[in-house]
Amino acid sequence: MHIKNTNVSPSKKLAYGAVFSALCVLCLYLSHALPYGKLAFLVAPSVILSLLASFTGVFVAFLGYICSGILGWVLTGSIPLTAYFGLFFGLYPIIKLLAEQINSIALRWVVKGVFSITVLTVIMFGVKFLLPQFEIPLINELQPAVKIIAIFTVGIAIFTVFDIALTYIIYYTRKALKRFNIG
């Protein structure tokens, strides 16, 4: 997901940022409002922000992330939805773009893995602190150390699948958008 267009005019960057941020806010609203497809509409802003980052660069994508997060929270009022977007689904595309500019593939995965483990830790302790009654029956039967290892193993596996899927989605979406001379 390297930046292809380095000579994008400021007005085009502003237009991309505004349109893609509006699409992110729409997806966040649909994730909150619709009774089905919540995860799909929560993942969609990751794709949108990834495309924005690849079209315009990290700075505009970061501004789009901030704008989408604030407007998504104002429109939905949902703290968990905003937290998931703010901690992972909105921030990860920017981290992914920065990590994929590193020449070493192993170091890329280390950077992305450290980010995912950090986010997983924040979410895990946040859920434990905010929702102490939250229980997962199968997990609660395990010893505390095994429980943490199981949660992190599953979390990293899901993250890896998400990263690879996001890479393919971005690649094919960029390819399709080139037909319309976008990006």
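The shown structure was predicted, so the numbers you read here are calculated from the model rather than taken from an experiment. (Residues numbered from 1 in each chain as written. Predicted model: local features only at pLDDT ≥ 70, side-chain atom pairs only at ≥ 80, totals over all residues. Heavy atoms only, no water.)

Participant: Describe the pattern of salt bridges, listing the residues and the values that go with them.
Facilitator: Enumeration over the complete set of coordinates arrives at four salt bridges. Between Lys112 and Glu100 there is a salt bridge whose closest N-O contact spans 3.2 Å. Here the residue Lys112 occupies a position in helix 6 (residues 105-130), and Glu100 occupies one in the loop between helix 5 (92-99) and helix 6, the gap between them amounting to 12 residues. Note that Lys112 and Asp163 form a salt bridge whose closest N and O atoms lie 3.2 Å from each other. One end of the pair, Lys112, is in helix 6; the other, Asp163, is in helix 8 (residues 144-179), and 51 residues separate them in sequence. An identical accessibility class is assigned to Lys112 and Asp163; each is buried. (Salt bridge = Lys/Arg side-chain N within 4 Å of Asp/Glu carboxyl O. Helix = DSSP H or I, 4+ residues; strand = E, 2+ residues; numbered from the N terminus. Buried < 20%, exposed > 50% of the residue type's maximum accessible area, 1.4 Å probe, protein only.)

Participant: If you had to explain the side chain of Ser54 to someone new, which residues and values would you point to?
Facilitator: Tracing the backbone shows Ser54 in helix 2 (residues 38-56). Given a relative accessible area of 1%, Ser54 falls into the buried group.

Participant: Just give me the short version of the environment of Val19, but keep the residues and values in it.
Facilitator: Secondary-structure assignment places Val19 in helix 1 (residues 10-33). Along the backbone, Val19 and Ile48 are 29 residues apart, and their C-alpha atoms lie at a distance of 9.9 Å.

Participant: Before we move on, could you go through the state of the cysteines and cite the residues and values that matter?
Facilitator: Per the stated rule, a full pass over the model turns up zero disulfides. Here Cys24 is not cross-linked by a disulfide; its sulfur's nearest cysteine counterpart is in Cys27, at 6.6 Å. Among the residues examined, Cys24 registers a relative accessible area of 0% and is labelled buried. As a non-bridged cysteine, Cys67 has Cys24 as the owner of its nearest cysteine sulfur, 9.2 Å distant. (Disulfide = S-S within 2.5 Å.)

Participant: Provide a residue-level description of helix 3 (residues 58-76), including the pertinent values.
Facilitator: In a regular helix each residue adds 1.5 Å, so 19 residues correspond to 27 Å; helix 3 covers 26 Å between its end C-alpha atoms and thus fits that length. If you check which residues of helix 3 are buried, you get Val60, Ala61, Gly64, Tyr65, Ser68, Gly69, Gly72 and Thr76. Tucked into the core, helix 3 has its buried residues touching helix 1, helix 2, helix 4 (79-89) and helix 5. Downstream of helix 3 by one or two residues, Gly77 has phi in the positive range, about 70°. (Expected span 1.5 Å × (residues − 1). Contact = heavy atoms within 4.5 Å.)

Participant: Account for the confidence of the model for the chain, naming residues and giving values.
Facilitator: Per-residue pLDDT for the chain has a mean of 85; in total, 86% of the residues score no lower than 70. Put simply, helix 7 (residues 137-140) is where the chain has its lowest mean pLDDT, 56, and helix 3 is where it has its highest, 93. (pLDDT = per-residue confidence, 0-100.)

Participant: Now, about the packing of aromatic side chains: what can you tell me, with residues and values included?
Facilitator: Inspection of every chain in the model, using the stated rule, returns 15 aromatic pairs. When the ring of Phe88 is compared with that of Phe162, the centres are 5.4 Å apart and the planes differ by 50°; the resulting orientation is tilted. Separated by 74 residues along the polypeptide, Phe88 in helix 4 and Phe162 in helix 8 bring together distant segments of the chain. Between Tyr92 and Phe162 the ring centres are 5.9 Å apart and the planes differ by 55°, which places this aromatic pair in the tilted class. Taken together, the positions of Tyr92 in helix 5 and Phe162 in helix 8 put the pair 70 residues apart, joining distant regions of the chain. Phe162 shares its class with Tyr92; the two are buried. (Phe/Tyr/Trp six-rings, centres within 6.5 Å; stacked < 30°, edge-to-face > 60°.)

Participant: Summarise the packing of helix 1 against helix 3; cite the residues concerned and give the values.
Facilitator: In contact at an axis separation of 8 Å, helix 1 and helix 3 are set at 35° when each is read in the N-to-C sense. Of the two elements, helix 1 crosses helix 3, and the hand of that crossing is right-handed. On helix 3, the residues that touch Lys13, Gly17, Ser21, Cys24, Val25, Leu28, Tyr29 and His32 of helix 1 are Val60, Gly64, Cys67, Ser68, Leu71, Gly72, Leu75 and Thr76. When its residues are assigned to classes, the contact of helix 1 with helix 3 shows eight nonpolar, seven polar and one charged. (Axes fitted to C-alpha atoms, helices over the stretch in contact; angles between N-to-C directions. Left-handed = near helix turned anticlockwise from the far one by under 90°. Nonpolar A, V, L, I, M, F, W, Y, C, P; charged D, E, K, R; others polar.)

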